[in-house]
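Fold and contact review
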Amino acid sequence: DTGVSQDPRHKITKRGQNVTFRCDPISEHNRLYWYRQTLGQGPEFLTYFQNEAQLEKSRLLSDRFSAERPKGSFSTLEIQRTEQGDSAMYLCASSPQGNGYTFGSGTRLTVV
Amino acid sequence: QKEVEQDPGPLSVPEGAIVSLNCTYSNSAFQYFMWYRQYSRKGPELLMYTYSSGNKEDGRFTAQVDKSSKYISLFIRDSQPSDSATYLCAMSARGGGYQKVTFGTGTKLQVIP
């Protein structure tokens, strides 16, 4: 296992379209997080899964956003009816029952 | 006011210099403190993880936490051009299991050969 994998690396979409991102965490990590990072800012928390249960969602996660983690393995983040303000780097991280995250390389979304 | 404040830089130093990076925070519940390094167009990479006040050293990196002043620092000794990156401080109120981490904005560091 080489780390947290995110796909795609880059996505360009037209405003109003739906997009879906995938994250494959480190296999023995039962905790999975989604963060969003805009240019010049630090990552901002979006949501957290422990196994398949989504235990917390940020106020940043509007009704257009949905995240799933079926069977407690990979996770998907879907954005419906994308807006230009959704343009950002979407980062996935996982952690074991311990300290510190391991981040993936992120999916860079550009909404045009 | 943001919970975590960090000078965005950029900070430019000559190779071999000692670099000091700092963050202040306002939430007294924070007990776990981290430093991440982020190269351009990559995800953040965990450098240091500390609990409560005190110092922690790992190779050329030293992390310091002063909870009484709500101030944390990262020192890089003998800086190298490969250290050029954005450094993010991060902190959480809980460790072990669930950790919702709050990040600073990051300081961009350039080490000039």
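This structure is a prediction, so every number in the text was calculated from the model and none was measured.

**Overview of the pattern of salt bridges**
Residues and elements named next belong to chain A. What the rule picks out here adds up to seven salt bridges over all chains. Salt-bridge contacts for E83 lead to R64; the nearest nitrogen and oxygen are separated by 3.4 Å. One end of the pair, E83, is in the loop between β8 (75-79) and β9 (88-95); the other, R64, is in the loop between β6 (53-57) and β7 (65-68), with 19 residues separating them in the sequence. The exposure class assigned to R64 is buried, which follows from its relative accessible area of 12%. For D86, the salt bridge goes to R64, with nearest N and O atoms at 2.8 Å. Of the two residues, D86 sits in the loop between β8 and β9 while R64 sits in the loop between β6 and β7, which places them 22 residues apart along the sequence. When sorted by exposure, D86 lands in the same class as R64, which is buried.

**Quick word on the pairing of β8(A)**
Residues and elements named next belong to chain A. Burial along β8 is one-sided: the face carrying S75, L77 and I79 is buried and the face carrying T76 and E78 is not. Pairing between strand β3 (residues 19-24) and β8: five bridges, direction antiparallel. When the sheet's bridge partners are listed, C23 is paired in β8 with S75. Both β7 and β8 contribute to a ladder of four bridges, which runs antiparallel. Each bridged residue has a counterpart across the sheet, and for E68 the counterpart in β8 is T76. Taking the residues between adjacent antiparallel strands as the criterion, β7 and β8 are bridged by six residues, where K71 takes a positive phi near 60 degrees.

**With respect to the sheet that holds β8(A)**
Residues and elements named next belong to chain A. Strand order in the open sheet made by the four strands is β1-β3-β8-β7, with antiparallel pairing throughout. One side of each edge strand has no neighbouring strand; the edge strands of this open sheet are β1 (5-7) and β7. In this sheet, adjacent strand axes meet at a mean angle of 15 degrees when their direction is disregarded.

**Looking at the interface of chain B and chain A**
The interface of chain B with chain A comprises 20 residues on the first partner and 24 residues on the second. When the two sides are added together, the surface that chain B and chain A hide from each other amounts to roughly 1,800 Å², 50% of it contributed by carbon and sulfur. Linking chain B with chain A are one salt bridge. Between K100(B) and E56(A) there is a salt bridge, with the nearest N and O atoms lying 3.7 Å from each other.

**Considering unusual backbone geometry**
Along the chain, D7(A) connects to P8(A) via a cis peptide bond; the corresponding omega equals -5 degrees. Of note, P8(A) is situated in the loop between β1 and β2 (10-13). A cis amide bond links G9(B) to the next residue, P10(B), at an omega of 10 degrees. Looking at the element boundaries, P10(B) is found in the loop between β1 (4-6) and β2 (11-14). At R81(A), a residue that is not glycine, the phi angle is positive and equals roughly 50 degrees. Relative to the helices and strands, R81(A) resides in the loop between β8 and β9.

Rules behind the numbers
- Residue numbers restart at each chain and count upward from 1, following the sequence in its written direction.
- Working convention: letters from A go to chains and numbers from 1 go to ligands, in the order in which they are written.
- Restriction of local features to residues with pLDDT of at least 70 applies here, the model being predicted, together with a cutoff of 80 or more for giving and counting side-chain atom pairs; totals for whole chains, interfaces and linings are based on all residues.
- With hydrogens and water stripped out, all remaining heavy atoms of the structure feed into the side-chain values.
- By definition here, a salt bridge exists when the distance from a side-chain nitrogen of Lys or Arg to a carboxyl oxygen of Asp or Glu is within 4 Å.
- The numbering of helices and of strands both runs from the N terminus, where a helix is a DSSP run of H or I of at least 4 residues and a strand a run of E of at least 2.
- Only protein chains enter the calculation, and the probe is 1.4 Å; a residue is then buried if its accessible area is under 20% of its type maximum, exposed if over 50%, and partly exposed in between.
- For two strands to be treated as a pair, DSSP must find no fewer than two bridges joining them.
- Axes here refer to lines fitted to C-alpha atoms; in helices the fit is confined to the stretch in contact. Angles between the N-to-C directions go from 0 to 180 degrees.
- When checking whether two residues touch, look at their non-hydrogen atoms; a contact exists if any pair is within 4.5 Å.
- By convention, the term buried area covers the 1.4 Å-probe accessible surface removed from two parts as they join, with the contributions of both added.

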